[in-house]
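Structural characterization, general
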Amino acid sequence: MNLKDKVIIITGASSGIGKSLAKEFAKRGANLVLAARQFVTLCELAQGLEQQYGIKAIGVQCDVTNEEDCEHLIKQTLATFGKIDVLVNNAGISMRALFNDADVNVLKKVMDVNFWGTVYCTKYALPEILKTKGSIVGVSSIAGYKGLPGRTGYSASKFAMNGFLDALRVENLKTGVHILTACPGFTASNIRSTALDKHGA
């Protein structure tokens, strides 16, 4: 795909896979909307990419577990660029605890970020992506195909994400919208150091 002048939203863009995607898309000439909770980090990244690659990039503070934040993200993108070509649902959180030891709220928190964050952002972006016949991407995991011990909530959230995107793909077979579920294997990124323990810390 030629990404020159495409408008791409990336959630969880402040580190890890999201940050790497931002650099690669910028290198290919795309304009970027970088979303995460770390606003200062996003602004620094956006400024650096603009200077290095001559593209336009903005940072939008967004907690994907908050539906209003996700709606604001889409509105801010349209106010700045007037269209959306690609939404990359990359924001994610992991956990590291046996289910028997874990507080149920840990699983709820993981589900809120990984699954509901994808649902909220996609809900508000889809009408615009239908106009451009663009793409919706979900950065899932091999844990979305095989349950991993110590990751019950994480695996469940990625299974849910995969099912949601599979259904959405079928619904859009004739609209021109492309749905991609990306399931990387183990990846050395910040998600390791921010994984929730059994108490949610």
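First, a word on what this report is: a plain description of the structure on this page. All values reported here derive from a predicted model rather than from experimental measurement.

Analysis parameters
- Residues numbered from 1 in each chain as written.
- Predicted model: local features only at pLDDT ≥ 70, side-chain atom pairs only at ≥ 80, totals over all residues.
- Heavy atoms only, no water.
- Helix = DSSP H or I, 4+ residues; strand = E, 2+ residues; numbered from the N terminus.
- Buried < 20%, exposed > 50% of the residue type's maximum accessible area, 1.4 Å probe, protein only.
- Salt bridge = Lys/Arg side-chain N within 4 Å of Asp/Glu carboxyl O.
- Expected span 1.5 Å × (residues − 1).
- Bend = angle between axes of the 7 residues up to and from the residue.
- Polar contact = N/O pair within 3.5 Å; in protein donor to acceptor, adjacent residues only side chain to side chain.
- Contact = heavy atoms within 4.5 Å.
- Pairing = 2+ DSSP bridges.
- Right-handed = clockwise from strand over helix to strand, strands pointing away.
- Phe/Tyr/Trp six-rings, centres within 6.5 Å; stacked < 30°, edge-to-face > 60°.
- Lys NZ or Arg CZ within 6 Å of the ring centre and 35° of its normal.

Observations concerning the environment of Ala143
Positionally, Ala143 belongs in the loop between strand 5 (135-139) and helix 5 (152-171). On the accessibility criterion, Ala143 (0% relative accessible area) is buried. Taking the C-alpha atoms as reference points, Ala143 and Ser155, 12 residues apart in sequence, are found 4.9 Å from one another.

Describing the pattern of salt bridges
Should their charged atoms come close, side chains of opposite charge can pair. Overall, the coordinates contain seven salt bridges when judged by the stated rule. Salt-bridge contacts for Glu24 lead to Arg28; the nearest nitrogen and oxygen are separated by 2.9 Å. Here Asp85 makes a salt bridge to Lys83, at a shortest N to O gap of 3.0 Å. Residue classification places Asp85 among the buried residues on the basis of a relative accessible area of 5%.

Things to note about helix 4 (residues 104-132)
The end-to-end C-alpha distance of helix 4, which contains 29 residues, comes to 40 Å, matching closely the 42 Å that a straight helix rising 1.5 Å per residue would cover. The sharpest bend along helix 4 measures roughly 45° and falls at Leu126, with the proline Pro127 sitting one to four residues further on. The N-cap of helix 4, judged by a side-chain oxygen 2.8 Å from the amide nitrogen of Asn105 a few residues on, is Asp103. Note on helix 4: the residue one or two positions beyond its end, Lys133, has a positive phi of about 50°.

Concerning the environment of Lys133
In this structure, Lys133 sits in the loop between helix 4 and strand 5. Separated by 114 residues in sequence, Lys133 and Lys19 have C-alpha atoms that sit 25 Å apart. Setting aside its immediate chain neighbours within four residues, Lys133 contacts Thr175 and Gly176. A distance of 3.4 Å separates the side chain of Lys133 from the backbone oxygen of Thr175, its partner in a polar contact.

A word on the pairing of strand 6 (residues 178-182)
Only one face of strand 6 is buried: it carries Ile179 and Thr181, and the other face, with His178, Leu180 and Ala182, is open. Across five bridges, the pairing between strand 5 and strand 6 is parallel. Bridging from a neighbouring strand, Val139 pairs with Ala182 of strand 6. A crossover links strand 5 with its parallel partner strand 6, the connecting element being helix 5, and its sense is right-handed.

Examining unusual backbone geometry
Positioned with a positive phi, Asp5 is a non-glycine residue whose angle comes to about 65°. Looking at where Asp5 falls in the secondary structure, it is placed in the segment before strand 1 (7-11). Here Lys133, not a glycine, exhibits a phi torsion of approximately 50°, which is positive.

Quick word on the side chain of Thr118
Looking at the secondary structure, you find Thr118 in helix 4. Each residue touching Thr118, except ones within four places of it in the same chain, is listed here: Asn89, Val113, Met161 and Phe164.

Focus: the packing of aromatic side chains
According to the stated counting rule, one finds three aromatic pairs in the structure shown. On the numbers, 5.1 Å between centres and 70° between planes, the contact of Phe115 with Trp116 is edge-to-face. A relative accessible area of 15% means that Phe115 is categorised as buried. The interplanar angle of 85° and the centroid separation of 6.2 Å between the aromatic rings of Phe115 and Phe164 together place this pair among those described as edge-to-face. Taken together, the positions of Phe115 in helix 4 and Phe164 in helix 5 put the pair 49 residues apart, joining distant regions of the chain. The structure contains a cluster of three or more aromatic residues connected by ring pairs, namely Phe115, Trp116, Tyr120 and Phe164. If you follow Lys56 out to its NZ or CZ, it ends over the ring of Phe81, 5.8 Å from the centre.

Spatial relationships are all this shows, so hold off on functional conclusions.
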